[in-house]
Structures are given as structure tokens and as C-alpha cells.
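Here is how the chains run, residue by residue.
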Amino acid sequence: MCGIIAYIGSREASPILIEGLKRLEYRGYDSAGLAVVGDDTLDISRSVGRVRGLEEQLGRETATFSGSMGIAHTRWATHGGVTVENAHPHRDDLGRGHSIAVVHNGIIENYLTLKKWLEEKGHVFASETDTEVLAHLIGELYDGDLERAVQAALREVTGAYAIAVVCAKEPDVMVVGRKGSPLMIGVGSNEYVVASDPSAIVAHTKQAFTLDDYSVAKLTRDSFRTSTIDNIEITPQIRELELDLGQIELGEFEHYMLKEIHEQPTALRRSLQGRLDLRGGSVVLGGITEHARHLATAKRIVFVGQGTALHAGMVGEYLVENLAKIPAEVEFASEFRYRNPIVEPGTVVIAISQSGETADTLAAIEEAKQKGALTLGLVNVVGSTISRETDAGIYLRVGPEIGVASTKAFIGQLLVTTMLAAFIGRRRFLSQEDLHNLLTAMDRVPDQVESVIAQSDQIKTATARYVNRDNWLFLGRGLNYPVALEGALKLKEISYIHAEGMPAAEMKHGPIALIDEGMPVVVVATRNSQYEKVLSNIEEVRSRGGHVIAVATEGDETIRSLCEEVFWVPDVPEPLQPLVTVVPLQLLAYHAALMRGKDVDKPRNLAKSVTVE
Ligand code: M6R
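Residues numbered from 1 in each chain as written. Predicted model: local features only at pLDDT ≥ 70, side-chain atom pairs only at ≥ 80, totals over all residues. Heavy atoms only, no water.

### Some words on helix α2 (residues 51-60)
Using the following cut-off: Accessibility here uses a 1.4 Å probe with only protein chains present; expressed as a share of the type maximum, an area under 20% marks a residue as buried, one over 50% as exposed, and anything in between as partly exposed. Helix numbering and strand numbering both begin at the N terminus, where a helix is a DSSP run of H or I of at least 4 residues and a strand a DSSP run of E of at least 2. Directions from the helix axis toward the C-beta atoms define the arc. It only takes one pair of heavy atoms within 4.5 Å for two residues to be counted as in contact.
Among the residues making up α2, those that are buried are Val51, Leu54, Gln57 and Leu58. In a view along the axis of α2, the buried residues occupy a sector of 110°, so they form one face of it. Seen from the open side of α2, the exposed residues pointing more than 90 degrees away from its buried face are Arg52, Gly59 and Arg60. In this fold, the buried residues of α2 make contact with α1 (13-24), β2 (31-37), β3 (42-48) and β4 (69-75).

Right, dumping it as C-alpha cells:
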């Protein structure tokens, strides 16, 4: 989704902005642009497509783009098509304005009303965007003080925004502001780097702070002032970013997705560290300890999330019911909010999110809070909005995830959800012995995931046999049903192959009509409580000519004899099976996308962090 990078200091801004834009590329975008303020100048360059294109265009521009303050943006279209005119930065009225430029992430919901008002005052717009309206509004309210004009404009808008604003008339001032959309301010020595996420900041400084909703920061080269949009001064908390440059660079890997698949064993070990007390027989989850009683007496637990995170929530639903014996459900965060959900006393709402910035999930949490629920966040990005807005939570600790297709975050979400279910379960009906067995098995999972990843070449060979097929089915039962959904999502989002995931039993209620000779049907068929039933589903596929690619428990000769391809996973207790069964499906999607010549890390139309509803 849109990415913002801005710089004010003593160095040339444009190389810093271009490098920052490249670091934000993973978020997903369709156009890019930057503005640099020099002595009495405001140079703007915008282009459609990759940041590389913008960089080349800068070399051809007649303006110098010389100056030590600038703002830049990658756009993911919401209002108006993918055109240069709609790309950011936007200016206040060209020719008549004050040379104000704005970059924006979010949506100004009342932009049409504001646009009409501005048009009546003679403003002429050059784009279809809501952002340009904001730029004109700031220009209209400007009387020589950029901070005041931005505060006044933000008091007029509704919606979500993270913005950075500069004005050629004030070459020593940048104003940034936020409500709802992510924005972080890196504090260097006599310089500030503002960005949508820390990956664009850490190369410059590790000290940073986040703005609260409805607040702005006025940055000069050697000082800053933060205030609410009503100009009440506030003191932000500067903290150290827990991110190293090495973590966000590709290293020896060809793609971030592959790197992150391979990082999964380490990520799991990190996530487990200090949380399993095998001797004492308990799960230690510091972030939620003070709510343990509330959780153990909960009447209902609702998981909310989107995409991959939703699939983790589906696993959570099964596990909370099985291990903790509390009624549980899972819901698309986007649906939860708008159906006026019933939240009775004793309801706990748990948001799952890698980025911690997904607008739909955040909105669901706001709804749950308003209705009095205890809210928890299972989040990866430390300090993200969801982690701050929930009452308590558990960090995934899997490290930064750059690939748009979520892999190690999913496995982290599964692990943390399992630990949470065991944490609650032990306070209810889960025996000491059962918990001990589960935790002992959990401790072995990182090594077992490593052994699955080691089959990558075999998975590649099998994928090659089916990669030209345009329709795939993914089936699973029980805990493996969300894994089937996740496998289908991975395949479609990066290879653009049509794939459907469903409960294996559902197939014969309609989708079975799709099966023809040689159609690839991926079946997650591990040895568990539903195994026999899954075998019957495999037979149903085979008798209609479908080819079964199974994910099965090592040594299962029945599956070997029935299926065209088998990806083996170690024998683990049923609650832990999704942690191993999803791995071959991630690799399958990766290899299929590469074989089809797709850009694995930057799939078309997709954004890493979806910050608009
Ligand atoms: O950051 P989040 O976990 O909240 O993101 C939710 C989804 O947008 C995300 O999982 C998406 O489905 C991924 N592209 C899946 O690979």
C-alpha cells in the first residue's frame, strides 16, 4: 500500500528518498514520485511503474533536485487511475498556490465536499485524487505558518491519513501528521527521516517515535515539536527500533519469499524462546499474564483478521475450542465491524496481524473496544497500531517480513495462537501431562520444519508437472482446512493460477464438477482424527481423473500408493500439524510462480500492508 519517505537534514535529500522508496517497494505500489525543496525551489518528479523508472527519470529532468529536504511516495491507487497526474506528491494550486507539496497514505473520506468548497473559491484540480484536495486545503488555509495550516486542514478532514508536507516558502520546515495510517519519525543527529515503516529508517538511525492519531510534528533540521491538531503540545516517546539492516536485506537468497520460508525454523525458535517452561509445565506469555483470569473465564473468544491472518485465526478457533474448551469463532475483520456484532460481557476479541496496520483489522478492534470486549493483538511489527490499540498481546517475534506473500508470519501466528490456546487451556481443563506432551512436541517443531524445507527440490520437480494447469483445488479437514485455504491463497496471489481451498467434504457438494482428467488437487492428508475421511475424499478425486498431490505423514504407504505426488511431513501431534503441513504448500506456490515467470516478491495489484478499508 502507499509508502511515505521524507527527509530533512544536511545531506542531499534525493538519493536518500530514492533509497527509501526502494526499501518501501515491498509494500506494493503502482507509481512513485518525490519533491525536493531547494533555495526557493520545489522540484517534483512523478512516474508510473517501478522506483527504478523514477530514478532514471530524475537523471533526465532539467531541474536539479538539489536540496536537503524532500518528501517521496509510492502510490497504490485508490482514488483515480494509475497515471502520472494522480501520482504523489500533489501540490496546492499550481501557479496560484504557495508551492506546497503533500504526500499521503490513507483516504480522505470527505474529499468531495471539500473539493466542491475549494472549487467555489476558484481552485482548479489537476488530478482525481483525494490527496490533491488536501494539498489545496492546506494552501487555502496557509498564512505563512505551515504547521498551523496543516493542523487547521486536518481538523476539517475525516478519514485516515499519514502525510508529509513541505512548502517552498519555508525551506527549513517539514510538517507530518497522522490518523489511522502508519507513520514513524526517525531521529538522527541534526536530521529526521520520516517513513511508513522502520525498514526505510534503520539505515539512518535506530531512534524513532510514532505519532499518535490526530497529531502532527513540525520538523526543522535540529529540532522537532509534536502537538495535536488542536495545537496542544505533546511529548512523544522515542524508542530504539528492533530491526537490523541485515534482517531486511536479501543476502544469499534470490527472493524475500524464499529467504523467509528458510527463516521459519529460526523464527519459530525465537518465538518459542522463554515461553515454554518444560520443567514447570507452563506457557509463559508475559504480555497477557495480567489478563489470565479474564481469559480463563471468557464466555466467547472471537478471532479477527484478513487473508493469511484469518487462516491463522481459523486454526485458533479449533485450538481454543479443543484445548481450552471455550466457544470460539473466527471472522473476517472487515465483516465483524459492519454487522454490529453482539459483544456480551466475557467476550474476548483477538486480532491477528503481521503488520499490525491492516485497516480492516484495526476497525474491528475499535468496534470490539467500543462494545466493552477485552482485546488482544497477535502482531509481528513491534509498536504497530494494532499492538498499541489492543489491551494486551503477544508479539510473533518472527522478524521483518518483506515478501508480500506471508510465510514466516503465518507460521508465527500459528505458533502464538497454539501457545495462547494452551495457556488458557491449562487454566481450565488441560491436564499437566497433556500440556507437557504438547510443549515437548512444540519444542521439536523448528527442527521438523527444517526437514520439510529440505524437500524443496522434490517439491519443485512435482510442481513442474502441473504448473501449466490453470485450475487447482486444495482440500483439508479440521485443522488442515485452514492450511488448504492458505495453500490456495499462496498459489493464486503470486502465480495468478486459479486455486480454491475448501473443506475436503465440501468438494462433493458442487466443486467436484470442476475435476477433469489430470486436474491437480492438493490434499492435506496427515494422520489425525480425520484421516480415514480424507482417504475417501482422495478416492473421490481419483475416480474422476483428478491427480492428487498429497501432504502426508512420513511413512504413510497408503497415501504413497494412492497419490500422484506426496510431500512428506514429520509425525506431530494434531494441534501442531498446520505448522508443518503449510510449508510444502508455500514452496509449491513459490516454485510455480517462478516457473510462470512472475515477480514473486511483488505480485501485481497486491500490497504488503493494506492500510485502507
Ligand atoms: O498484516 P496483516 O497480517 O494484517 O495482513 C493481512 C493480509 O493482508 C495478508 O495476510 C495477506 O493476505 C497476505 N498477502 C497473504 O500472503
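### Quick word on the site of the ligand
What counts is decided by this rule: Only a single heavy atom is needed: when it lies within 4 Å of a molecule or strand, its residue is near that molecule or strand. We call two N or O atoms a polar contact when they sit within 3.5 Å, provided that within protein one can donate a hydrogen and the other can accept it, with sequence-adjacent residues counted only if both atoms are side-chain atoms. Residues are grouped as follows: Ala, Val, Leu, Ile, Met, Phe, Trp, Tyr, Cys and Pro are nonpolar; Asp, Glu, Lys and Arg are charged; every other residue, Gly included, is polar. Boundaries between domains were set according to an automatic or database domain assignment.
Near the ligand, the surroundings consist of 14 residues, among which Ser353, Gln354, Ser355, Thr358 and Glu493 are the closest. The separation between an oxygen atom of the ligand and a polar main-chain atom of Thr308 is 3.2 Å. For the shell around the ligand, the class distribution of residues is four nonpolar, eight polar and two charged. The residue makeup of the shell around the ligand includes at least three contributed by each of domain 2 (250-450) and domain 3 (455-597).

### Section: the packing of aromatic side chains
Each aromatic ring pair is specified by the distance between its two centres and by the angle formed by the two planes. Selection rule: Ring geometry is summarised as follows: Phe, Tyr and Trp rings, the Trp one being its six-membered ring, pair when their centres sit within 6.5 Å, and such pairs are stacked at plane angles under 30 degrees, edge-to-face over 60 and tilted between the two. Charge-over-ring placement is defined geometrically: NZ (Lys) or CZ (Arg) within 6 Å of the ring centre, and within 35 degrees of the ring normal.
All told, the structure shown has four aromatic pairs when counted by the stated rule. Ring geometry for Tyr466 versus Trp472: centroids 6.4 Å apart, planes at 75°, classification edge-to-face. Trp472 carries the same exposure label as Tyr466, and that label is buried. Among the aromatic residues, ring-to-ring pairing joins Tyr192, Phe209 and Phe224 into one connected group. It is Arg604 that lies over the ring of Tyr496; its NZ or CZ is 3.9 Å from the centre.

### Some words on the pairing of strand β7 (residues 159-167)
Where we set the bar: Each pair of strands is called paired provided DSSP finds at least two bridges between the two strands.
Most of β7 is tucked away: nine of the nine residues are buried. Burial of the side chains of β7 extends over both faces: Gly159, Tyr161, Ile163, Val165 and Cys167 are buried on one face and Ala160, Ala162, Ala164 and Val166 on the other. Looking at chain direction, strand β6 (residues 100-108) and β7 are connected through nine bridges and run antiparallel. Pairing of His104 across the sheet is with Ile163, part of β7. Sheet analysis places β7 next to strand β8 (residues 174-179), joined by five bridges and oriented antiparallel. Paired with Ile163 across the bridge in β8 is Gly177. Taking the residues between adjacent antiparallel strands as the criterion, β7 and β8 are bridged by six residues.

### A word on the pattern of salt bridges
Opposite charge on two side chains allows them to pair when their charged atoms are near. Inclusion rule: Any carboxyl oxygen of Asp or Glu that lies within 4 Å of a side-chain nitrogen of Lys or Arg is treated as forming a salt bridge with it.
Tallying each qualifying case throughout the model produces 31 salt bridges. Note that Glu263 and Lys408 form a salt bridge whose closest N and O atoms lie 2.7 Å from each other. Separated by 145 residues along the polypeptide, Glu263 in the loop between α6 (256-262) and α7 (264-272) and Lys408 in helix α13 (residues 408-426) bring together distant segments of the chain. One salt bridge connects Glu557 with Arg560, and the closest N-O pair in it is separated by 3.1 Å. Highlighted residues: Glu557 and Arg560, both in helix α18 (residues 557-562), separated by three residues, approximately one helical turn. Residue classification places Glu557 among the partly exposed positions, given a relative accessible area of 48%. One salt-bridge network, in which partners are shared between bridges, spans Glu19, Arg23 and Glu249.

### What to know about unusual backbone geometry
The omega torsion of the bond from His88 to Pro89 falls at 0°, within 30 degrees of zero and hence cis. Tracing the backbone shows Pro89 in the loop between β4 and β5 (90-91). Phi is positive for Lys325, close to 55°, though the residue is something other than glycine. Inspection of the secondary structure assignment puts Lys325 in the loop between α9 (307-324) and β19 (328-332). On the accessibility criterion, Lys325 (44% relative accessible area) is partly exposed.

### A few points about the sheet that holds β7
If you walk across this open sheet you meet the seven strands as β5-β6-β7-β8-β12-β13-β14, and the pairing is antiparallel. Each of the sheet's edge strands pairs with one partner strand only, and the pair in question is β5 and β14 (233-234). Pairing geometry for β8 and strand β12 (residues 215-219), over five bridges, is antiparallel. Note that in β12 the partner of Met174 across the bridge is Leu219.

### Considerations on the domain arrangement of the protein chain
What counts is decided by this rule: When two parts are brought into contact, each loses some accessible area as probed by a 1.4 Å sphere; the total of that loss over both is the buried area.
Structurally, the protein chain comprises domain 1 (3-246), domain 2 (250-450) and domain 3 (455-597). Centre-to-centre, using C-alpha coordinates, domain 1 lies 34 Å away from domain 2. With eleven residues of domain 1 at the contact, the number on the domain 2 side is eleven residues. Carbon and sulfur atoms supply 53% of the area buried between domain 1 and domain 2, which totals about 840 Å² over both sides. Contact with domain 2 buries area across many residues of domain 1, yet Tyr26, Pro182 and Arg239 alone supply 42% of it, more than any other trio. Seen at the junction of domain 1 and domain 2, the total is zero salt bridges. Counting across the interface, domain 1 meets domain 2 through two residue pairs in polar contact (both at pLDDT 80 or more). A per-class count over the side of domain 1 that touches domain 2 returns four nonpolar, three polar and four charged.

### Some words on the environment of Ser384
With respect to the secondary-structure elements, Ser384 resides in the loop between β21 (374-379) and α12 (385-389). Using a relative accessible area of 2% as the deciding quantity, one classes Ser384 as buried. A C-alpha to C-alpha distance of 8.8 Å links Ser384 and Thr210, two positions 174 residues apart in sequence. In this structure Ser384 touches Ser355, Gly356, Glu357 and Val379, once residues within four positions along its chain are discounted. Among the polar contacts made by the side chain of Ser384, one reaches the main-chain carbonyl oxygen of Val381 at a distance of 2.7 Å.

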